[in-house]
Amino acid sequence: MPWGEQYTGATLVDMYLAELAAHAWDLARATGQTGKLDLSLASPALEGARAMIKPRYRNMVAPGAPFGTEVSPAPDADDWERLAAFMGRDPRATPGQ
């Protein structure tokens, strides 16, 4: 990886699943379609994100880049909201804010 770490092929697949799922959530959120996201993908994507994003990777360049500070999800959050929160997004914020 560009930051010097090496990963197994399985871990890389998990990392890309987390990346693609987070951006799928972004698009679904922006277009009001989060209800169309497949619930079976959220949990494995969250596991991949947790394996990939270490605390030292957050706010590396500037606040919010490449990964912002983890947001605390609501107690009743679903796995998609937990993924978004782990990735530094506020899943319950009004879109556009």
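Rules behind the numbers
Residues numbered from 1 in each chain as written. Predicted model: local features only at pLDDT ≥ 70, side-chain atom pairs only at ≥ 80, totals over all residues. Heavy atoms only, no water. Salt bridge = Lys/Arg side-chain N within 4 Å of Asp/Glu carboxyl O. Helix = DSSP H or I, 4+ residues; strand = E, 2+ residues; numbered from the N terminus. Buried < 20%, exposed > 50% of the residue type's maximum accessible area, 1.4 Å probe, protein only. Axes fitted to C-alpha atoms, helices over the stretch in contact; angles between N-to-C directions. Parallel < 35°, antiparallel > 145°, perpendicular 65-115°, else oblique. Left-handed = near helix turned anticlockwise from the far one by under 90°. Contact = heavy atoms within 4.5 Å. Nonpolar A, V, L, I, M, F, W, Y, C, P; charged D, E, K, R; others polar. Core = buried A, V, L, I, M, F, W, Y, C linked by side-chain atoms within 4.5 Å. Expected span 1.5 Å × (residues − 1). Arc of directions from axis to C-beta.

1. Points about the pattern of salt bridges
Once their charged atoms are close, side chains differing in charge can pair, the charge on each being opposite to the other. Enumeration over the complete set of coordinates arrives at three salt bridges. In this structure, the salt-bridge partner of Arg92 is Asp76, at a minimum N-O distance of 3.0 Å. Residue Arg92 is found in the segment after helix H3 (79-86), and its partner Asp76 is found in the loop between helix H2 (39-52) and H3; the two are separated by 16 residues along the sequence. Assessed through its relative accessible area of 44%, Arg92 is described here as partly exposed. Salt-bridge contacts for Glu81 lead to Arg92; the nearest nitrogen and oxygen are separated by 2.9 Å. Of this pair, Glu81 sits in helix H3 while Arg92 sits in the segment after H3, and the two are eleven residues apart along the sequence. Each of the salt bridges in this network shares a partner with another, and the network as a whole consists of Asp76, Glu81 and Arg92.

2. Re the packing of helix H1 (residues 9-30) against H2
The contact between H1 and H2 brings their axes to 7 Å, and the two run at 115°. It follows that H1 is roughly perpendicular to H2 by the angle criterion. Considering the relative orientation of H1 and H2, their crossing is left-handed. Between H1 and H2, the contacting residues are Asp14, Met15, Leu17, Ala18 and Ala21 on the first element and Pro44, Ala45, Gly48, Ala49 and Met52 on the second.

3. Thoughts on the packing of H1 against H3
Where H1 contacts H3, the axes come no closer than 10 Å and their chain directions differ by 105°. Viewed along their axes, H1 and H3 adopt a mutual orientation that is roughly perpendicular. Where H1 abuts H3, its residues Ala21, Ala22 and Trp25 lie against Trp80, Leu83 and Ala84. For the contact of H1 with H3, a count of residues per class yields six nonpolar, no polar and no charged.

4. Some points on the nonpolar core
Residues Ala49, Ile53, Trp80, Leu83 and Met87 are the most contacted members of the largest nonpolar core, which totals 20 residues. Considering each element in turn, this core owes the most residues, six residues, to H1.

5. Considering the environment of Ala10
Inspection of the secondary structure puts Ala10 in helix H1. Overall, the relative accessible area of 53% leaves Ala10 in the exposed class. Sequence separation of Ala10 and Gly48 is 38 residues, and the distance between their C-alpha atoms is 9.8 Å.

6. Brief notes about H1
The first and last C-alpha atoms of H1 sit 32 Å apart over 22 residues, in line with the 32 Å expected at 1.5 Å per residue. Of the positions making up H1, those classed as buried are Met15, Ala18, Ala21, Ala22, Trp25 and Ala28. The arc enclosing the buried residues of H1, seen along the axis, measures out at 160°, which places them on a common side. Exposed residues on H1 whose side chains face more than 90 degrees from its buried face are Val13, Tyr16, Leu20, Leu27 and Ala30. Contact partners of the buried residues in H1: H2 and H3. Note on H1: the residue one or two positions beyond its end, Gly32, has a positive phi of about 70°.

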